[in-house]
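Here's the letter readout for the chains.
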Amino acid sequence: MAIDLLNHKLDRAFEHIDAAGRGVVDREDLLGLGARILVGFGESPTSVTGSALVEGFDRIWAELTAALGRDEDADLSREDFRLGMTAAFVKGDRYEPVFHPAVVATAALCDRGGDGYVGPQEFRTLLAAFGTGHDDADDAFDKLDTTGRGVLTVDELVAAARDFYAGEEPGAPGNWLFGPL
């Protein structure tokens, strides 16, 4: 059950990157996702926050391809993506040193007020870059806002990303990060 759930989430992540629907992803596709996030927030890729996101996404790609023994210029199929993500970030030890900083950089973009909180509009902006519809983004926000405060903390968003990308627990709130599975 946990493996099926994880594969389903990793398939969703693959689709976020494969915006052109080619059935394969490459480094430029992942950086394209980063660019969509930056554009959504009006952030330059050369700002401190923007460059942290770009560098983080680049490092994710490097670890992903390395886990598969592939060149960084390789195209990855959906199955390759699953295998690489699992080897590097789920079963492997690369989540904290590589994936986590990219998630933190992404969450920092969502904290427009610099107060440690992400509101519904910022969350919708983020999820729009991933191709998530408005209604699914609102549903996701409601599921992640377990306290009912009407905001998420940056830490809650970072924890949700860990649940989504590397977690195998069926009841984890982060499974809702991009809406219903």
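Throughout what follows, the structure given in this document is the object of discussion. Sequence order sets the numbering: in each chain, residues are counted from 1 along the sequence as written. Only residues with pLDDT of at least 70 are given local features in this predicted model, and only at 80 or more are side-chain atom pairs given and counted; all residues enter the totals for whole chains, interfaces and linings. Heavy atoms throughout the structure, all of them, feed into the side-chain values; hydrogens and water do not.

Some thoughts on the overall build of the protein
Our working rule: In this text, helices come from DSSP runs of H or I with a minimum length of four residues, and strands from runs of E with a minimum of two, each type numbered from the N-terminal end. Taken over C-alpha atoms, the radius of gyration is set against a globule rule of 2.2 Å times the number of residues to the power 0.38. Exposure is judged per residue with a 1.4 Å probe applied to protein chains only, and the accessible area is read against the type maximum: over 50% gives exposed, under 20% gives buried, and values in between give partly exposed. The contact criterion used is simple: two residues touch if any of their non-hydrogen atoms lie within 4.5 Å. The accessible surface values rely on the Shrake-Rupley method and a 1.4 Å probe; as for residues, cover is taken only from the protein chains in view. This count recognises Lys and Arg as positive and Asp and Glu as negative, with His and chain-terminal groups excluded. Here the site of a charge means atom NZ of a Lys, CZ of an Arg, CG of an Asp or CD of a Glu.
Along the backbone of the protein there are eight helices and four strands. Relative to the compact-globule value of 16 Å for 181 residues, the protein shows a C-alpha radius of gyration of 15 Å, a close match. When the backbone C-alpha atoms are referred to their principal axes, the protein occupies close to 45 × 40 × 30 Å. Put simply, the protein has 181 residues, and 46% of those count as buried. Of all intrachain contacts in the protein linking residues separated by at least 6 positions in sequence, the fraction that spans at least 24 positions is 61%. Carbon and sulfur atoms make up 51% of the accessible area of the protein, which amounts to about 8,200 Å² in all. In the protein, 16 positive and 33 negative side-chain charges are present, and the distance between their average locations comes to 2 Å.

Considering a negative patch on the surface
Stated formally: Patch membership requires over 30% relative accessible area and the absence of a salt bridge. Like charges are linked within 9 Å, and nonpolar side chains (Val, Leu, Ile, Met, Phe, Trp, Tyr) within 5 Å. For this analysis, a salt bridge means a side-chain nitrogen from Lys or Arg found within 4 Å of a carboxyl oxygen belonging to Asp or Glu.
The grouping of Asp-135, Asp-136, Asp-139 and Asp-142 at the surface amounts to a negative patch. Here Asp-139 lies in helix H7 (residues 134-144).

Structural notes on empty space enclosed by the protein
Put simply, the rule reads: Definitions used throughout: a 1 Å grid over protein atoms alone; a cavity as a set of points that fits a 1.4 Å probe which cannot get out; a pocket as an open set with protein on both sides within 12 Å along at least five of seven lines; a lining residue as one with an atom within 4 Å of a point. Grid points are joined across faces, edges and corners, and a volume is the space filled by probe spheres set on the points.
Going through the model one piece at a time under the given rule, you end up with one cavity of 30 Å³ or more. Counted as a void, the largest cavity has a volume near 300 Å³. Phe-57, Phe-99, Val-103, Phe-130 and Tyr-165 are the residues nearest the centre of the largest cavity, which is lined by 24 residues in total. For the lining of the largest cavity, the elements supplying multiple residues, two or more each, are helix H1 (2-17), helix H2 (27-41), helix H3 (48-67), helix H4 (78-90), helix H5 (95-110), helix H6 (120-129) and helix H8 (154-166). Element by element, the count of residues in the lining of the largest cavity is highest for H5, at six residues.

Some remarks on the environment of Asp-163
Note that Asp-163 resides in helix H8. For the pair Asp-163 and Pro-173, spaced 10 residues apart in the sequence, the C-alpha separation amounts to 7.4 Å. Filtering out sequence-adjacent residues up to four positions away, Asp-163 remains in contact with Lys-9, Ala-172, Pro-173, Gly-174 and Asn-175.

Concerning the packing of aromatic side chains
Our working rule: Here the aromatic set is Phe, Tyr and Trp, taking the six-membered ring for Trp, and pairing holds for ring centres within 6.5 Å; pairs whose planes are under 30 degrees apart are stacked, those over 60 apart are edge-to-face, and all others are tilted.
For the structure on display, the rule yields nine aromatic pairs. Arranged with centres 4.8 Å apart and planes meeting at 45°, the rings of Phe-130 and Phe-178 form a pair that is tilted. Taken together, the residues span a long stretch of sequence, with Phe-130 in the loop between H6 and H7 and Phe-178 in the segment after H8 at a distance of 48 residues. Between Phe-164 and Phe-178, the aromatic rings sit 4.9 Å apart at their centres with planes inclined by 80°, giving edge-to-face as the arrangement. With Phe-164 in helix H8 and Phe-178 in the segment after H8, this residue pair connects regions lying 14 residues apart in the sequence. For Phe-164, a relative accessible area of 0% corresponds to the buried category. Among the residues examined, Phe-178 registers a relative accessible area of 4% and is labelled buried. Taken together, Phe-89, Tyr-95, Phe-99, Phe-130, Phe-164, Tyr-165 and Phe-178 form an aromatic cluster joined through their ring pairs.

Section: the side chain of Asp-29
Mapping Asp-29 onto the fold places it in helix H2. Residue Asp-29 is classed as buried on the basis of its relative accessible area, which comes to 16%. Every residue in contact with Asp-29, bar those within four places of it in the chain, is listed here: Ile-17, Arg-22 and Val-24.

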